[in-house]
Amino acid sequence: MIAEPPLKSLAPFRIGTAVRAAELTEPAYGDLVARHFSQITAEWEMKMEYVVQPDGSFRFDRADAIAGFAQRRGLKLFGHTLLWYANEPEGFARLDETRQSFEGALRNYVTAMVSRYRGLATGWDVVNEPVMENGEGLRESLWTRKLGQTGHFKVAFEAAKAADPAAVLFVNDYHLESRPAKLAAYMRLIEQLLKDGVPLGGIGCQTHCWSEMAPGAITATLKALAGFGLPIHLSEMDVSTVQGGMLASRAEAEQRQARLYAEAVEAFAALPERQQFAFTVWGLRDRDSWLKRENASDRPLLFDDAGRPKPAFSAVVNALRRRGSAG
Ligand code: G3I
C-alpha cells in the first residue's frame, strides 16, 4: 500500500490534533501523530480538572509528557485551556471570599501554566466557551462570579500575556456554524474585548460538526470571524456521523463527512495567510474520539480505529493539493 502523504507536508499552515498522554506512549499512535501533524493540543491534561489538586497544588506530569513528545518530535504545542466554565476545581472553589486571594490565586495558576511552556506553546485558549448555548448572553461561572464578566477576561488574558508575550491568546467557542444567535453574541464579545484593550490575539472556532450539516455553514462562519483581522484557529474539528439530522447510510454519512472536512480546509486555506493560525482536528483515530462515549458507532475523525486513512482524510489531502496548486 502506498503510504498516505503526510498532511503537514501539504498544508502551508500548522495542522494539529488533540492528544492524550497515555496514547502518545503507543509507538503506532505517536508515529502517526508525528507523521501527519505539526502541532498538538492536550485534549484534557492541561486543563484545571487534571492540573489543579484539591489542596490547590498543581500536577504537570501529563502536560509535561505531552510537551516532551512535541519537543522530541519537532512539533508545536497549543495550550488548552486556562479558564472554562466547565472546570471549577475544589482547589479554587474553596478559596476564601476575599477578591484579592482569589484573583491572586488565578493569576498564579495562569502564570504557572503559561510560563512553563513558553517558547513551545504557539498560543493558548485563555477563556473557553464563554457564550451561552442560546446566544442570549455570556455564561456565569466561578470565574465570573468572583471577578465579574469583564474582570475575569482581563485577569486571565493579562496574566497570560505577561507570562508569554509571544503566545497568541485566544477565546474559543463551538456551534457557531449552526446557531446564528450564538455566533452574533460571540462576535459582540470579541468586539468588546478588543474595545476594552484585552490582549486578545486570536479567535477560536471549534467546528464540532455532524455529517448532515448544511454545506456552506463552515465557510460563512470562518468568513464572519475573519472580519476582525485576527488569526483564526479552527481548533477542534470533528464530524459526527450519527448526530444531528436524519441518519444517512454509513457510506452516505462518510461521504458527507468528507465533503465537510474538505469545505473546512478550503475555507481556512482561503483566509489571508496571516490569519491562518492552525487547523486542528479533535483526535487522531475514530476510537480516540470523545464522541464515542455518546455513541460507540460514531466515526468522526480522519483515521479509522486501526489508524487507516478514511475518505475524509483523502478529502483533506485533495483540498490541500487544490489549494497548493492554486498558489
Ligand atoms: O482517563 C481518565 C480515567 O482514568 C478515569 O477513570 C475517568 C473517570 O474519571 O476519567 C478519564 O479522563 C477523562 C478524559 O476525558 C479522558 O478521556 C476525564 O474524566 C474527562 O473529563 C475528559 O473529558 C474531556 C472533556 O473535554 C472535559 O475535559 C474530553 O476527553 C475532551 O474531548 C473534551 O474536549 C472538549 C474541549 O476541551 C472543549 N470543546 C468541547 C470538547 C468536547 O467536549
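Rules behind the numbers
Residues numbered from 1 in each chain as written. Predicted model: local features only at pLDDT ≥ 70, side-chain atom pairs only at ≥ 80, totals over all residues. Heavy atoms only, no water. 1 Å grid on protein atoms, 1.4 Å probe; cavity = no way out; pocket = protein on both sides within 12 Å on 5 of 7 lines; lining within 4 Å. Points joined across faces, edges and corners; volume = space filled by probe spheres on them. Helix = DSSP H or I, 4+ residues; strand = E, 2+ residues; numbered from the N terminus. Nonpolar A, V, L, I, M, F, W, Y, C, P; charged D, E, K, R; others polar. Salt bridge = Lys/Arg side-chain N within 4 Å of Asp/Glu carboxyl O. Buried < 20%, exposed > 50% of the residue type's maximum accessible area, 1.4 Å probe, protein only. Core = buried A, V, L, I, M, F, W, Y, C linked by side-chain atoms within 4.5 Å. Contact = heavy atoms within 4.5 Å. Pairing = 2+ DSSP bridges. Near = heavy atom within 4 Å. Polar contact = N/O pair within 3.5 Å; in protein donor to acceptor, adjacent residues only side chain to side chain. Areas by Shrake-Rupley, 256 points an atom, 1.4 Å probe, with all protein chains shown as cover. Sits in = over half its atoms within 2 Å of the grid points.

**Quick notes on the layout of surface pockets**
Okay, so step 1: By volume, the largest pocket is sized at about 500 Å³.
Okay, so step 2: Looking at the largest pocket, it is lined by 25 residues, and the ones nearest its centre are Trp 84, His 208, Glu 236, Trp 282 and Trp 290.
Okay, so step 3: Counting residues per element, the ones that place at least two in the lining of the largest pocket are β3 (76-84), β7 (208-210) and β8 (232-240).
Okay, so step 4: Split by residue class, the lining of the largest pocket holds ten nonpolar, seven polar and eight charged.

**With respect to the pattern of salt bridges**
Charged atoms that come close allow side chains of opposite charge to pair.
Okay, so step 1: This model, assessed by the stated rule, comprises 22 salt bridges.
Okay, so step 2: For Arg 20, the salt bridge identified is with Glu 43, shortest N-O distance 2.6 Å. Separated by 23 residues along the polypeptide, Arg 20 in the loop between β1 (14-19) and α2 (21-24) and Glu 43 in the loop between β2 (39-42) and α4 (48-51) bring together distant segments of the chain. The same class applies to Arg 20 and to Glu 43, which are both buried.
Okay, so step 3: For Glu 254, the salt bridge is made with Arg 250, and the minimal N-O distance between the two is 4.0 Å. In this pair, Glu 254 and Arg 250 both sit in helix α12 (residues 250-269), four residues apart, roughly one turn of the helix.
Okay, so step 4: The class for Glu 254 is buried, based on a relative accessible area of 12%.
Okay, so step 5: If you follow the salt bridges from partner to partner, you end up with Glu 133, Arg 139, Asp 173, Arg 179 and Lys 182 in one network.

**A short note on the nonpolar core**
Okay, so step 1: Ranked by size, the top nonpolar core spans 104 residues in total, and within it Phe 92, Trp 124 and Phe 279 carry the most contacts.
Okay, so step 2: The element that contributes the greatest number of residues to this core is α12, accounting for nine residues.
Okay, so step 3: Not counting chain neighbours up to four residues away, the residues in contact with Phe 92 comprise Met 48, Val 52, Phe 102, Ala 105, Leu 106, Tyr 109, Leu 142 and Trp 143.

**Points about the pairing of β8**
Okay, so step 1: Of all nine residues in β8, nine are buried, a share of seventy percent or more.
Okay, so step 2: Both strand β6 (residues 202-205) and β8 contribute to a ladder of three bridges, which runs parallel. Bridge pairing in β8 places Gly 204 opposite His 233.
Okay, so step 3: Two strands pair when backbone bridges link them, and β7 and β8 are joined in this way by three bridges, in the parallel orientation. The partner of Cys 209 across the bridge, within β8, is Val 239.

**Here's the deal with the site of the ligand**
Okay, so step 1: Taken together, 15 residues surround the ligand, and among them Glu 43, Lys 47, Glu 49, His 80 and Glu 236 come closest.
Okay, so step 2: Between an oxygen atom of the ligand and a side-chain N or O atom of Glu 43, the distance comes to 2.5 Å.
Okay, so step 3: Contact distances for the ligand include 2.7 Å between a nitrogen atom and a side-chain N or O atom of Glu 236.
Okay, so step 4: Contact with the protein chains removes 59% of the 790 Å² of surface that the ligand exposes when unbound.
Okay, so step 5: Its atoms largely coinciding with the cavity grid, the ligand occupies the largest pocket.

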